Amino acid sequence: MNDSQTTSDIAIVGGGICGLTTAIALEQRGLSPTVYEAASEYRPIGAGLLLQTNALLVFDRLGIVDRVRAAGVPLEDVQIRSPDGRVLQRFDLDGLERRDFGYGYVAIHRGDLQRILLDELSTDVETGMACTDVTGTESPAVLFDDGTLVRPDVLIGADGIDSEVRNVIAPDVELQALDSVVYRAIAEIESLDRHRRLGFEVWGDGTYTGGAPIASDRFYWFATVQKGAADAIDSRELTAVLRDRFAEFPDPVPSVLESLEPADVFRTDLTDVPSLDRWSRGSVVLAGDAAHGMVPFAGQGAAQAIEDALMLAHSIDRHGTPADAFEAYEAERKTRADRIRAEARRLGTLGTMRSSIGCRVRNFAVAHLPAALFHRFRLRRMSGTSLPEAATCDPFSRR
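Nothing here was measured: the structure is a model prediction, and the numbers come from that model. In this numbering scheme, every chain counts its residues from 1 along its sequence in written order. Whole-chain, interface and lining totals are the exception, using all residues; otherwise, since this is a predicted model, local features are given only for residues with pLDDT of at least 70 and side-chain atom pairs are given and counted only at 80 or more. Heavy atoms from the whole structure form the basis of all side-chain values; hydrogens and water molecules are not counted.

Caption draft 1: Summary view of the environment of Ile306. Elements are defined by DSSP. Helices are runs of H or I of four residues or more, strands are runs of E of two residues or more, and each kind is numbered from the N terminus. Summarising the element assignment, Ile306 is placed in helix H11 (residues 301-318). For the pair formed by Ile306 and Thr21, sequence separation is 285 residues and the distance between their alpha carbons is 6.5 Å. Residues are treated as being in contact if the distance between any of their heavy atoms lies within 4.5 Å. Those residues in contact with Ile306, other than ones at most four positions away along the chain, are Ile17, Thr21, Leu51, Ala55, Val58 and Phe59.

Caption draft 2: Quick peek at the pattern of salt bridges. We define a salt bridge as a side-chain nitrogen of Lys or Arg found within 4 Å of a carboxyl oxygen belonging to Asp or Glu. Taken as a whole and assessed by the stated rule, the structure comprises 13 salt bridges. For Arg333, the salt bridge goes to Asp308, with nearest N and O atoms at 2.7 Å. Here the residue Arg333 occupies a position in helix H12 (residues 322-351), and Asp308 occupies one in helix H11, the gap between them amounting to 25 residues. According to the relative accessible area criterion, Asp308 is buried, its value standing at 0%. Two residues, Lys334 and Asp338, come together in a salt bridge whose shortest N-O distance is 2.7 Å. Within this pair, Lys334 and its partner Asp338 are both found in helix H12, separated by 4 residues, close to a single helical turn. The burial state of Lys334 is the same as that of Asp338; both residues are buried. By sharing partners, the salt bridges in this structure join Arg67, Arg115, Asp119 and Glu120 into a single network. Relative accessibility thresholds used throughout: buried, under 20% of the residue-type maximum; exposed, over 50%; partly exposed, between the two (1.4 Å probe, protein chains only).

Caption draft 3: Seen up close, the nonpolar core. If you look at the biggest cluster of nonpolar residues, it comprises 70 residues, and the most contacted ones within it are Leu51, Phe59, Leu113, Ile156 and Ile316. The biggest single contributor to this core is H11, with 9 residues. Once residues within four sequence positions are removed from consideration, Leu113 is found in contact with Ile17, Leu49, Leu51, Phe59, Val68 and Ile108. Leu93, Tyr220, Leu270 and Met294 belong to the second-largest nonpolar core, a separate cluster that totals 28 residues. Residues enter a nonpolar core if they are buried and are Ala, Val, Leu, Ile, Met, Phe, Trp, Tyr or Cys, with the set joined through side-chain atoms within 4.5 Å.

Caption draft 4: The pairing of strand E2 (residues 10-13), seen in detail. The alternating pattern of E2 places Ile10 and Ile12 on one face and Ala11 and Val13 on the opposite face, and all of these are buried. Any two strands are treated as partners once DSSP identifies two or more bridges connecting them. Bridge count for E2 against strand E12 (residues 154-157) is 4 bridges, and the pairing is parallel. Bridge pairing in E12 places Ile12 opposite Ile156. Of the pairings in the sheet, the one linking E2 to strand E3 (residues 34-36) comprises 3 bridges and is parallel in character. The partner of Ile12 across the bridge, within E3, is Val35. Look down the strands so they point away from you; if going from the first strand over the helix to the second traces a clockwise path, that crossover is right-handed. For the handedness criterion, the β-α-β arrangement of E2, helix H1 (residues 17-27) and E3 is classed as right-handed.

Dropping the structure here:
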């Protein structure tokens, strides 16, 4: 055990996408945060991310959007389909990029995005530092599993949906679950043909599947399965069961599943964080999934965390006290993030409903939704927050 005690101006617990983006935004404003990550090392694990326009706008502010686009696949189109392959709705991302915001969507491996963020940081991340307890909010103390105690002036909890930091702000929060689990995988597959710049969702009876290419020969796939049915799947038979379950679904789902081994697929329960009364107390504040973890059906989990990162750094830079900074941050971010979290849950309930008649009615309604209305609905997720401009200091001056 390490009995050392250190002092840091700003400590970020959690070195995932949110924590790293927050650290970059703070550094570009002349601040020097310390990031503590539970994993012993960063490895290229995980699955894909669909970074929507609002996430790319933040990366544009941070000066790294070109690297993100180059590491992933900028999509030209996203489609919602029925299990027989019929297109119910489509979102013309190429047009969106040209006309509206300058960016569409990018599909990217989580590990590739993480590497870009790590490379952009001036300071190293402290790895192998799992937070086990936080005490106090005015003068917080953070205890790690190796015995290290940190007393920062400001503590940012970016430690995910199972946040330890959240306990000091909103104790006894219970995660909310959907009655489904999600399977994810990265497939090594070259015969993508017309799916090379296409993302898609298929809304079936009791299941929701889809994916997008994240490289010329890699495809990110996901699917939901009813929790009881998923519990009965033996890991050795997993790919066979999934292939059978989705055999009649449109391409490239069957081809992707044929390329997978059981070890390629990992399972996650579908849970979210109920709306919290507040995101901060004293000198402690939450960001990303710790504050508003959401089910993935709106495709906005990462994007909302990335928005948090920029706004939180901007507020800390602009305000003299943590209380004032966090009040401004919550005023800008909380209502929007909570609304999108609730929207994601509604979409999840809709996308995983188990009723053949209900699913036919749902798909009929989606197919006949006016394209202009559907377009406005999707745009609302991307343009609902005002992002601060880039930092006035030169982010490369300390290199």
